[in-house]
Number of protein chains: 2
Amino acid sequence: MRELAFIETFLRENAAYVRERHAARGQVTMTVKSNASDLLTEADLTVQQRAAAALAEAFPGDRLVAEEGEHAVYPDDPNARCWVMDPIDGTNNFVRGLFPCFGISLAFAEHGVPQAGGVMLPVSDHLFLAARGQGATLNGSPIRVSEVQEVGGAKVEVEFGWTTERRLMLERAPDLIEAVGQVRCTGSAVVALCQIACGESDGFVHMTLTPWDYAASQIIVEEAGGLATRLDGGPLYLFDGKQGLMVSNGALHETLIGLVKPR
Amino acid sequence: MRELAFIETFLRENAAYVRERHAARGQVTMTVKSNASDLLTEADLTVQQRAAAALAEAFPGDRLVAEEGEHAVYPDDPNARCWVMDPIDGTNNFVRGLFPCFGISLAFAEHGVPQAGGVMLPVSDHLFLAARGQGATLNGSPIRVSEVQEVGGAKVEVEFGWTTERRLMLERAPDLIEAVGQVRCTGSAVVALCQIACGESDGFVHMTLTPWDYAASQIIVEEAGGLATRLDGGPLYLFDGKQGLMVSNGALHETLIGLVKPR
């Protein structure tokens, strides 16, 4: 699949740059967006600009939907071919933190559903790839979700996100927070979902994610045997508004959905 | 200080073993303790047994208080010389997870207060050390807490811990969870506190920590210029029961305490 090959090449070519910028994070140029924790670095911008340029050459006419600037706009036709990117998911972790919990995320979508996706964790050199119907891999080896079936033994990412969404999480998910074996909040949806895909974690809940936060890792989880749905259990489309997101190893999905109060 | 030298030597000597067991974590022998998420591995036990043996030789008569088995008992005299250890803090992360968020933690205490402490993060090879009045270091270089003063720009670890403590966190800390810039829950108090000490994070709140979870990293934070108190702001003693824990860069301390509802 030509799109998957593009994704792999792009991620491999940009990993070293992001790794180098992270190592020099004390010197990275940064601006604050909607609030003091909503950061934009030169690295986010550079990676996104490189993707836009590479796509214009390889797939002229295809739309890029991405987190920053002019690209942060949903397409007029949600079914058309498009690319969905977060240049650095987990920008706060890119800027601060002993563990490099951030990733470059790029997906190709059609009919509002990701058809191919890749996530690169540049510091630890983990490259996750998947294409519809072809399975998911980590550094070339097939991966598979966990077999955890008991919620009390499950590790679940409760992604609190921005301050504006936290009240919703506290109101809708206290039962889930109390029930799961381990609560985690790493601050990167992409990292959280990739951990589910390779069996290192079991679930993920978020109230209002935007498509670039999950497009690539959604298909990676699905192709690894897991499930990704809206919080009401309905099918996930990339551009149908902020309906929240539940991702799991599949076995736990119904239980986790049942632990979230309806709106 | 002889105690600090002992801590450093012990941590250096045991890092490779823990790193190797983590790399082979699929084969690590494990038992379940109080619940499905409360795990004990052969690595926890081995490190603790080695510490007990080394201490018996170097400091005969000194008491070891540690997380596992017969050592998980508070001393009769809380003021006496003692050693406080968590052989692996973050055992769940040791067993699962793409990022090695766990550490070996060893402190020397007297009068119920840590006098020297060390934390080794074995995979990333971060060694944190501190002694009372002598400052804190990371791999030999002095470290200092962050200067973040606005709660909206702060990164704060909300440690949900075991299922039995979660209701308390949800009841007492919703205002804190809503107010801070970034919520994190990495599943290792030791890692969270060391990140505060080196300025990569700004705060930490927990409802019911036991002394081995914070003895070493408490003094590392304090010697790096931060603060560690009970949740009511009162002074922290290692063995005075589960009064909860607030740790910060100092500048944010009063604000964070004010965001936690009294019992």
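Residues numbered from 1 in each chain as written. Chains lettered and ligands numbered in written order. Predicted model: local features only at pLDDT ≥ 70, side-chain atom pairs only at ≥ 80, totals over all residues.

Chemist: What is the right way to look at the domain arrangement of chain A in this model?
Modeler: Interface size is commonly expressed as the accessible surface area that is lost when the partners come together. Residues and elements named next belong to chain A. Assigned domains of chain A: these are domain 1 (2–142) and domain 2 (151–258). Taking the mean C-alpha position of each, domain 1 and domain 2 sit 19 Å from one another. Contacts between domain 1 and domain 2 engage 37 residues on the former and 25 residues on the latter. Listing elements by their share of the side of domain 1 that touches domain 2, those giving two or more residues are β3 (63–66), β4 (82–89), α3 (91–95), β5 (103–110), β6 (113–121), β7 (126–131) and β8 (136–138). Of all the elements, β6 adds the most residues to the side of domain 1 that touches domain 2, at 7 residues. Taken together, the residues that form the side of domain 1 that touches domain 2 break down as 21 nonpolar, 11 polar and 5 charged. (Domains from an automatic or database assignment. Contact = placed C-beta atoms within 7 Å. Helix = DSSP H or I, 4+ residues; strand = E, 2+ residues; numbered from the N terminus. Nonpolar A, V, L, I, M, F, W, Y, C, P; charged D, E, K, R; others polar.)

Chemist: Teacher, can you tell me more about the sheet that holds β3(A) here?
Modeler: Adjacent strands of a sheet pair through backbone hydrogen bonds, lying either parallel or antiparallel. Residues and elements named next belong to chain A. Taking strand neighbours across the sheet as the criterion, the 7 strands line up as β3-β4-β5-β6-β7-β8-β9 in an open arrangement whose pairing is mixed. Strand pairing shows two members of the sheet lacking a second neighbour, β3 and β9 (141–142), which therefore form its edges. Against the sheet, helix α2 (residues 42–58) engages β3, β4 and β5, with an angle of about 160 degrees to β4. (Pairing = 2+ DSSP bridges. Axes fitted to C-alpha atoms, helices over the stretch in contact; angles between N-to-C directions.)

Chemist: What am I meant to see in the interface of chain B and chain A here?
Modeler: Facing the 33 residues of chain B at the interface are 32 residues of chain A. Here the side of chain B that touches chain A is built from residues that sort into 11 nonpolar, 14 polar and 8 charged.

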